[in-house]
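# Commentary on secondary and tertiary structure
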Amino acid sequence: MKELEERIRKDGKVKPGGVLKVDSFLNHQIDPQLLYAMATELKRLYAGVPINKILTVEASGIAIASMVGYVFSCPLVFAKKSKTINISDDVWSADVVSFTHGGTNRVMVSKEYLGAGDCVLIVDDFLATGAALVGLKAICEQAGATVAGAGIAIEKVFQGGGNRLRAEGMRVESLAKIRSMTDNGLEFEN
Ligand code: 5GP
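Residues numbered from 1 in each chain as written. Predicted model: local features only at pLDDT ≥ 70, side-chain atom pairs only at ≥ 80, totals over all residues. Heavy atoms only, no water.

### Comments concerning the nonpolar core
Most often, soluble globular proteins keep nonpolar side chains buried together rather than apart. Applicable threshold: For the purposes of this section, nonpolar cores are sets of buried Ala, Val, Leu, Ile, Met, Phe, Trp, Tyr and Cys residues that join through side-chain atoms within 4.5 Å. Per-residue accessibility, obtained with a 1.4 Å probe over protein chains only, is compared with the maximum for each type, and a residue is labelled buried under 20%, exposed over 50%, and partly exposed between these values. Strands are runs of DSSP state E lasting at least two residues, helices are runs of H or I lasting at least four, and both sets are numbered from the N terminus onward.
Counting 34 residues, the largest nonpolar core has Leu 4, Ile 8, Ile 51, Ile 54, Val 68, Phe 72 and Ile 154 as its most contacted members. Broken down by secondary-structure element, the contributors of at least two residues to this core are helix H1 (2–11), helix H2 (23–27), helix H3 (32–45), helix H4 (62–72), strand S7 (119–127), strand S8 (146–156), strand S9 (172–182) and strand S10 (185–189). Sort the elements by how many residues they give to this core and H4 lands first, with 6 residues. Counting residues in each nonpolar core, the second largest holds 24 residues, with Trp 92, Val 120, Ala 143 and Ile 152 among its members.

Shown next as structure tokens:
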């Protein structure tokens, strides 16, 4: 998506360790018009798929996923992170290693909000190693829900997670795909 690529080139900041900061429009300050355009593009890509629920993980996925829920006219559910291992029986859960923070979070979704019969689009701001997507997919599988696919704002292709999941048969649509990223600049993949 050209508009997103241009915004990343203009405002994205490359940090050590393969981290891209997009705090001025996606992760701290939010640009609602850009997010609306991104959600509309995901709606075009998933046209005809009977998606009735959007699933993301807190916190940074919520802004884009909320806009996607609006455009798809369906609820957004976000998996909550918990540091405790004492979780109730009323949740679906998975352990996810955080790419940006290093630690492991158990992420959970109340059984009340996800179940068999749901057709889910998993949405996130970034796709790097794929750990967050794998965890959210596992939660859908526990719930007996169908995963229609993933809708990602920014995929860092060089970290391999997206192509590994595609090779396993998952549909993964990313609006900007970064092939390489150095202090000298970014290269996008078509
Ligand atoms: P993965 O689980 O695919 O390794 O990483 C995806 C998650 O880590 C996303 O939910 C996102 O919040 C965070 N993340 C991964 N890479 C980046 C990055 O370069 N910049 C930012 N801001 N977040 C990232």
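The structure having been displayed, the exposition proceeds.
### A word on the site of the ligand
Our working rule: Nearness is judged by heavy atoms alone; a residue qualifies as near a molecule or strand once a single heavy atom is within 4 Å of it. Pairs of N or O atoms are called polar contacts if they sit within 3.5 Å, as long as, within protein, a hydrogen donor faces a hydrogen acceptor (for residues adjacent in sequence, only side-chain-to-side-chain pairs). To be clear on the numbers: accessible area is Shrake-Rupley with a 1.4 Å probe, and residue cover counts the displayed protein chains and nothing else. With a 1 Å grid spanning the protein atoms alone, the term cavity applies to any set of points in which a 1.4 Å probe fits but cannot get out, the term pocket to an open set with protein on both sides within 12 Å along at least five of seven lines, and the term lining residue to any residue with an atom within 4 Å of a point. Grid points define the cavity or pocket, and a molecule sits in it when more than half of its atoms lie within 2 Å of them.
Residues in contact with the ligand amount to 17 residues; listed here are only the nearest, Leu 20, Ala 128, Thr 129, Gly 130 and Lys 156. Between Asp 124 and the ligand, the recorded distance is 2.8 Å, taken from a side-chain N or O atom to an oxygen atom. Note that an oxygen atom of the ligand is positioned 3.2 Å from one of the backbone N or O atoms of Ala 131. The fraction of the free accessible surface of the ligand (510 Å²) that becomes covered by protein chains is 90%. When each cavity is represented as a set of grid points, the ligand is found to reside in the largest pocket. Of all the secondary structure elements, the ones that give two or more residues to the shell around the ligand are strand S2 (19–21), S7 and helix H5 (131–143). It is S7 that contributes the most residues to the shell around the ligand, 4 residues altogether.

### Topic: the side chain of Glu 155
Keep this limit in mind: Any pair of residues with heavy atoms lying within 4.5 Å of one another is described as a contacting pair.
Counting through the fold element by element, Glu 155 comes out in strand S8. The exposure class of Glu 155 is buried, given its relative accessible area of 2%. A distance of 2.6 Å separates a polar atom in the side chain of Glu 155 from a polar atom in the side chain of Ser 174. Here Glu 155 is in contact with Leu 127, Gly 162, Asn 163, Arg 166, Val 172, Ser 174, Ala 176, Lys 177 and Ile 178, once residues within four sequence places are set aside.

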